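Close look at the chain arrangement
The lines below spell out each chain.
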Amino acid sequence: MAHRPSNHDAQRERFVEDLLDIMSVSEKAGQLVLLPLSESGDANEIEDLRERIRQGQLGGLSSAQDPARIAELQQLAAEQSRLGIPLFVIDAPSRGEAVVMPGPFALACSWAPASVVRCMDALAEEAVANGKNWLLAPDVALCNSSSDSDIANSWGSSGLLARSLASAAVRGLRSKSGDRARLLTCLRTDDPAWTRRRDKARWPEKLDLMAGVLNESQPDSVSLGPLTRSTPDIGRFDMSADVSIGGPGGFKGIDFVDWAEIARAAGQHLPRVPYAGFSVDAVVDAVKDGRVSQHRLDDAVRKIIGAKYDLGLFRAAARPYRRRHRNMARAGRATALDAARDAIVLLRNSPALLPLSVFSGRILVVGQAAKDRSLPTGGSGHDGASLVDGLDALGLDYLYVPGLALRQDDGSSIPGALIDADRMAIGMANEAARRSQTTIIALGEGASLSEAERTLIETVKAANRDIVLVTLGSHPLDPEISGSKLPCVVHAGQLGTMSGHAIAEVLAGECAPRGRLAAPIAEQVRDSLGLGHGLGYSECSLTDITVELDNSRISVTAMLQNLGTREVTETVQTYIKRPDRADCGARELADFQRVSLTAGDSLRLQLVVDANQLGRFGTDGEFTVEPGTYEIAIGLSEARAHGAQIEIPPDLADAMAKHRSDDAHPALFAQLRGLG
């Protein structure tokens with residue numbers, strides 16, 4: 001990665017201030033205006049955009065899909081507007097077009113920051129090739145469990161895991177080309193999922209996540225969003241409006257809330273980021289009558305011009321457009337395949353039906369989901385490799401039956417209900433299972449089994465107990481069938497373009513499963529699977545565990561050994577239980593390490609629990625570490641973690657909190673104290 005010239009900051013400041021001095025109020029207000037460039041190519045709409053650009057009243061385009069049109073408008077801004085200020089070209093988070101990467105929850109199940117970096121690097125490269133220079137990503141939201149309806153777009157249930165992977169996403173998107181960033185990033189925690197559940201603990205978790213990402217990476221823009229709904233039972237920290245983290249000593253990049261506050265002061269109420277629809281005239285009038293100060297407008301525009309300078313847009317905007325011929329698809333497929341392998345979670349394998357071998361006998365594949373090519377890409381409009389495609393590519397011999405009848409989406413029946421046409425399909429599956437030794441059942445979307453799916457699995461299980469269940473939807477499932485768990489369950493949902501190839505490789509044993517659950521299985525039955533659960537094809541052990549406390553952190557060491565005959569990728573996890581939760585089973589992920597070991601190999605690991613994990617934001621916005629007895633546990637999942645108790649006296653707790661609050665970004669939230 002190339003570095004900027006040593007005098008970059010000074011040159012940037014001088015350029016920005018010189019430009020601000022000659023900008024009119026309407027030109028400054030115009031920098032806040034972002035308008036969509038529709039795919040229809042409507043002539044009147046395009047001419048309106050051109051006129052706005054000539055007048056200096058357009059700061060950027062959103063959701064633009066035409067690189068040649070973007071280049072034309074950029075050139076227009078450079079040559080025909082008074083000041084030649086280039087345009088932002090903004091897009092929402094995407095999983096890719098030429099190659100679709102695994103979705104957010106799938107990436108969370110990888111527990112692999114390096115894999116996230118590679119995926120985001122590929123997405124950034126594609127975005128730049130399409131003329132984009134600002135992605136509104138990563139858009140981070142947490143779930144509670146695997147049953148959440150919006151789990152596909154969540155980053156798991158652990159704030160620490162989401163923070164680690166979101167930081168990796170920022171690093172991947174921000175990779176530089178030459179002496180400039182390829183595009184801007186936006187750390188977003190403004191998804192309605194944060195407040196929809198009305199969870200009083202969610203807003204401190206949001207602050208902690210954002211503070212952590214800001215410490216670990218350098219997003220160019222942020223959108224914190226509201227901390228809570230406006231509810232009377234939340235306490236004095238009742239903030240339903242979006243919250244800014246800028247200001248003196250605060251975040252130096254673009255904070256979208258600053259834009260929203262200018263709009264509100266000018267009498268406008270705009271929808272969610274990127275706040276399209278600013279009225280230049282309304283902002284100009286608000287500046288004239290004092291509702292918006294000149295200083296406030298200048299500060300917002302200063303950040304915008306500075307970001308465009310950092311991107312090199314003032315140099316690039318005048319260059320003629322040249323269509324890129326670089327073929328990124330091959331590299332993208334390799335990245336997507338490896339990421340998909342990382343995200344596959346083996347939930348159960350007893351008896352060991354996987355990996356498939358000569359002892360697996362005749363293989364039967366059941367389920368329409370096994371042939372579905374839209375399922376891996378989440379209905380993005382792009383197809384991915386199906387499970388059957390992957391099995392065919394490996395040359396595996398199998399028999400396929402649909403298991404259930406095709407559904408007509410006419411709204412005349414209950415979704416997933418058992419219909420008369422299913423009985424023949426289930427009967428065929430039952431007969432085929434009797435003649436097979438190993439049966440692979442593939443399921444699609446659904447937070448639980450439908451009536452038809454449960455009947456199918458019960459019938460097949462009665463004919464052949466050697467069942468491998470593969471869930472290809474967003475939700476990991478571990479159902480109980482006829483009073484017992486299935487022997488082998490694999491979760492492989494939303495894995496993108498290379499989904500089927502990665503799954504087939506894992507089933508066939510060409511690579512071992514590496515994923516771990518990013519949220520607990522929600523079913524309230526015995527043997528429920530919790531956060532961090534996942535198996536490989538070799539067993540590992542943790543021994544020689546020590547837990548030590550020093551002035552500012554707790555150090556946990558252990559020896560990890562691969563007891564099997566195959567290479568394994570294991571994720572070692574450390575959990576804490578706080579003093580105020582001593583009587584309940586809730587533990588929080590505090591650190592993790594993902595390592596690979598060859599057969600028989602061992603490695604001593606050190607994991608750290610510091611003030612970042614021990615402390616929390618209080619209702620007054622203060623970051624504190626609570627004194628008392630903490631349980632510190634280490635293991636290969638939350639359920640398999642064992643450890644010791646550590647006593648943190650009040651004076652040490654205060655010192656830890658002070659050590660954490662000395663970091664730059666917890667101070668960002670000082671302005672929240674006393675609000676509400």
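Up top is the structure these notes are about.
Below you will find a few notes about this structure. (Residues numbered from 1 in each chain as written. Predicted model: local features only at pLDDT ≥ 70, side-chain atom pairs only at ≥ 80, totals over all residues. Heavy atoms only, no water.)

From N to C terminus, the protein includes 20 helices and 26 strands. Looking at the protein as a whole, 56% of its 676 residues are labelled buried. In the protein, the proportion of contacts linking residues at least 24 apart, taken out of those at least 6 apart, comes to 73%. (Helix = DSSP H or I, 4+ residues; strand = E, 2+ residues; numbered from the N terminus. Buried < 20%, exposed > 50% of the residue type's maximum accessible area, 1.4 Å probe, protein only. Contact = heavy atoms within 4.5 Å.)

Let us now look at the packing of helix H6 (residues 113–129) against helix H14 (residues 329–343). Remark: H6 packs on H14, axes separated minimally by 10 Å, with the N-to-C direction vectors making an angle of 150°. As the angle between them shows, H6 and H14 are arranged roughly antiparallel. The handedness of the crossing between H6 and H14 comes out as left-handed. Within the contact between the two elements, H6 uses Ser 115, Arg 118 and Cys 119 and H14 uses Thr 335, Asp 338, Ala 339 and Asp 342. Partitioning the contact of H6 with H14 into residue classes produces 2 nonpolar, 2 polar and 3 charged. (Axes fitted to C-alpha atoms, helices over the stretch in contact; angles between N-to-C directions. Parallel < 35°, antiparallel > 145°, perpendicular 65-115°, else oblique. Left-handed = near helix turned anticlockwise from the far one by under 90°. Nonpolar A, V, L, I, M, F, W, Y, C, P; charged D, E, K, R; others polar.)

This brings us to helix H3 (residues 43–54). Over its 12 residues, H3 runs 16 Å from end to end, which matches the ideal 16 Å to within 8%, given 1.5 Å per residue. Along H3, the positions that sit buried rather than exposed are Ile 46, Leu 49, Arg 50 and Ile 53. Around the axis of H3, the buried residues are gathered within 100° of arc, so they sit on the same side. Looking at the buried positions of H3, the neighbouring elements they touch are strand S1 (34–36), strand S2 (60–62) and helix H4 (67–80). Looking one or two places after H3, you find Gly 56, whose phi comes out positive at around 70°. (Expected span 1.5 Å × (residues − 1). Arc of directions from axis to C-beta.)

Attention now moves to the packing of aromatic side chains. For the structure on display, the rule yields 8 aromatic pairs. Centroid distance Trp 134 to Phe 256: 5.3 Å. Interplanar angle 10°. Geometry classified as stacked. With Trp 134 in strand S4 (residues 134–135) and Phe 256 in helix H10 (residues 256–265), this residue pair connects regions lying 122 residues apart in the sequence. Neither residue differs from the other here; Trp 134 and Phe 256 are each classed as buried. The positively charged end of Lys 308 is found above the aromatic ring belonging to Phe 88, 4.8 Å away from the centroid. (Phe/Tyr/Trp six-rings, centres within 6.5 Å; stacked < 30°, edge-to-face > 60°. Lys NZ or Arg CZ within 6 Å of the ring centre and 35° of its normal.)

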